[in-house]
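Listed below are the residues making up each chain.
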Amino acid sequence: MRLTYPTNIKIIRVPCTGKVDLLHILRAFEKGADGVYAVGCMEGDCHYTSGNFRARKRIEQAKNILDAVGVGGQRVEMFNMASSEGPMFAEVAVKMVDEIRALGPNPIKLQKKKAA
Amino acid sequence: MIVADKKPMEEIIEDIKNHDKVLILGCNECVTVCEAGGKKEVGILASALRMYFLNQGKEMKIDEETLERQCDHEYLEEIRNIIDQYDAVVSIACGVGVQFMAEKYHAMPVYPGVNTCFMGATEERGLWTERCQGCGQCILSRTGGICPVSRCAKRVMNGPCGGSSKGMCEINKELVCAWQLIVERLKALDRFDEYEELSPIKDWSTDRAGGPRKVVREDVQP
Amino acid sequence: MKTKTPSRLEKILSAGHMAVTSECGPPRGSDPEAIIKKAELIKDHVDAINITDNQTSVTRMCSLAACIRLKLMGLDPVLQMVTRDRNRIALQSDILGAASFDITNILCLSGDHQSFGDCAQGQNVHDLDSMQLVQTVRHMRDQGKFLGGDDIKRAPQMFVGAAANPFADPFEIRVPRLAKKIKAGAEFIQTQCIYNLDKFEEWMKLVRDRGLHEQVYILAGMTPMKSAGMAKYMKNRVPGMDVPDALVKRLADTPKEKQAEEGLKICIEDIQRLKDVEGVSGFHVMAIEWEEKVPEIVEKSGLYPRPQI
């Protein structure tokens, strides 16, 4: 569709959001990501039946851990949409980037810089 | 299997905050099955702790290892060559593993990362319930395969007590009454007449009450 | 029937009289006055007085001390002993302590779980269960020996009782359970308080079918309702309690200020009805914190004066 969306998003393609593991999310933040989000099929329409439900549960777990360690659970989110919804994909991308910008950089990144 | 549950991270943080080089050590058996201390949980805990301490401005080396078990000498020996790189270990194996670590590496601080709860079974993923308390004198042949020691809140030997209500225990409406189960089982096995046999007074000397226990098998000892 | 102990309760029952017992809860403190007062209220209307043992797991003065207090007043206590709090050493020890004051009645119970009381974080013991405690007392009395095998100097002479709940689940084992308690050595039974008389009579019929009523004295538990609220509470919140809807309705239809009187009336009616049930040897009137009504209940039920043996 050639819609524009922010360039500071690194897309990692997975066959199903069910493949996204809690560890992947945590390690992303450990390495300095400012935000992580998963985009999966509409609930009830998962191509692999329930992968997107598993992803949502893991996103929730990640939120709890990130809150507990002081990084902030708002930096991780899950969105559901049909694979044909290009405009929504772009909209979500913009929304997420705006929210993360408002939260500021990942505090771990700053600490790492200080230590270096 | 032994069922354990993750300790709140605050407790673990409190234990290791004054160390600089910590090894998170998992176990591939029971705690893996109950999703509390396996390789996955080691990864999650280590990542979370690294982020926490970085955020506190403390550069900590937090490494990850998972052994097959922590209750056998052979497996604990596997970390002999790397243990000196650390000044503390958080073992997320059951209490047995934590203690065996402490015995084996006498001068190395080792902290528990899980609360060890009971011997039990997986009723469904995410739900583990108690089945055995290791009383040392199994009476399951008399009770249709259902244990009154571990599943009755008052461990009555001639139950149920007067508080059994609609098949549930008086202490919790969602806890099934063990003696209700025993009666149903005896009926199913066509052994209901055995219900009236008085259960003898239990010998608790093989239970915890008798002191720390051991099993010796001379026929297999070196 | 020949009596086996010096217990006055046993003598009254074996002589064929209807027995009446009641109960007092010890205070949550060390003032003996509380027990003395309660006992004074009921002493002429009952044959023996049960003293509860940390009932509902709420810590109170121990039953043994309160029983001794009653004994010193010249009254006949029934020592209630739960297995929740004491191991077999303490149980045997307390039995001897009671026997040293010639306390001659004991009721053996498991006890409510400690999570109901004020020390939910405490351990529970349950070294023996209630039936095994019955066996133990009988062993100490009849064989004159400790559980460990040694001889007892001056063995306890106690009339041994157990509790029965005709209304607990599952119903099919309620009579086998009674048979078990008799096999263990129980000589008298005090039942949980009865409101569903039909169900109780059904239980009694099954008891009679097996001849159990001739092997043990059954005292029917009666507790007067103070209000419709109490009836609802007992119906919904107390395990092992069977309160028929008709009873709740009868109280709810009564104006509030007359409900207590109606509750007493119902209790007395029930006792009158159960007196005629074959196998019922007496009544255990539990009027908790309403002990002053016991004399009225006993009198209006035609159970006064008490036989002088």
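Residues numbered from 1 in each chain as written. Chains lettered and ligands numbered in written order. Predicted model: local features only at pLDDT ≥ 70, side-chain atom pairs only at ≥ 80, totals over all residues.

Novice: An account of the packing of helix α1 (residues 22-30) of chain A against helix α2 (residues 51-68) of chain A is needed here, citing residue identities and associated values.
Specialist: Residues and elements named next belong to chain A. Where α1 meets α2, the axes come as close as 9 Å, and the angle between the chain directions of the two elements is 35°. Like other packed secondary-structure pairs, α1 and α2 cross with a definite hand, here right-handed. Here Leu22, Ile25, Leu26 and Phe29 of α1 lie close against α2, whose contacting residues are Arg58, Gln61, Ala62, Ile65 and Leu66. Residue classes in the contact of α1 with α2 are distributed as 7 nonpolar, 1 polar and 1 charged. (Axes fitted to C-alpha atoms, helices over the stretch in contact; angles between N-to-C directions. Helix = DSSP H or I, 4+ residues; strand = E, 2+ residues; numbered from the N terminus. Left-handed = near helix turned anticlockwise from the far one by under 90°. Contact = placed C-beta atoms within 7 Å. Nonpolar A, V, L, I, M, F, W, Y, C, P; charged D, E, K, R; others polar.)

Novice: Summarise the sheet that holds strand β5 (residues 110-112) of chain B; cite the residues concerned and give the values.
Specialist: All names here are of chain B. On the basis of which strands lie adjacent, the open sheet formed by 4 strands has the order β3-β2-β4-β5 and parallel pairing. Of all the strands in the sheet, just β3 (61-67) and β5 have a single pairing partner and so form its edges. Averaged over neighbouring strand pairs, the angle between their axes works out to 25° when direction is ignored. Of the pairings in the sheet, the one linking strand β2 (residues 21-27) to β3 comprises 7 bridges and is parallel in character. Bridge assignment links Lys21 to a residue of β3, and that residue is Lys61. Along the sheet, helix α3 (residues 39-55) contacts β2 and β3; its crossing angle with β3, the most-contacted strand, is approximately 175°. (Pairing = 2+ DSSP bridges.)

Novice: Pulling in residues and values, what's your account of the pairing of strand β6 (residues 188-193) of chain C?
Specialist: Residue and element names in this part refer to chain C. For β6, a buried count of 6 out of 6 residues is recorded, marking the element as mostly surrounded by other parts of the structure. Bridging between strand β5 (residues 159-164) and β6 involves 4 bridges; their strand directions are parallel. Bridge assignment links Ala162 to a residue of β6, and that residue is Ile189. Once the chain exits β5 it traverses helix α6 (residues 174-184) before rejoining the sheet at β6, and the crossover so formed is right-handed. As defined by bridge partners, β6 adjoins strand β7 (residues 217-222) across 4 bridges and the pair is classed as parallel. Looking at the pairing, Cys193 lines up with Gly221 of β7. Crossover connection from β6 via helix α7 (residues 197-209) to parallel β7: handedness right-handed. (Buried ≥ 20, exposed ≤ 12 C-beta atoms within 10 Å, placed from the backbone. Right-handed = clockwise from strand over helix to strand, strands pointing away.)

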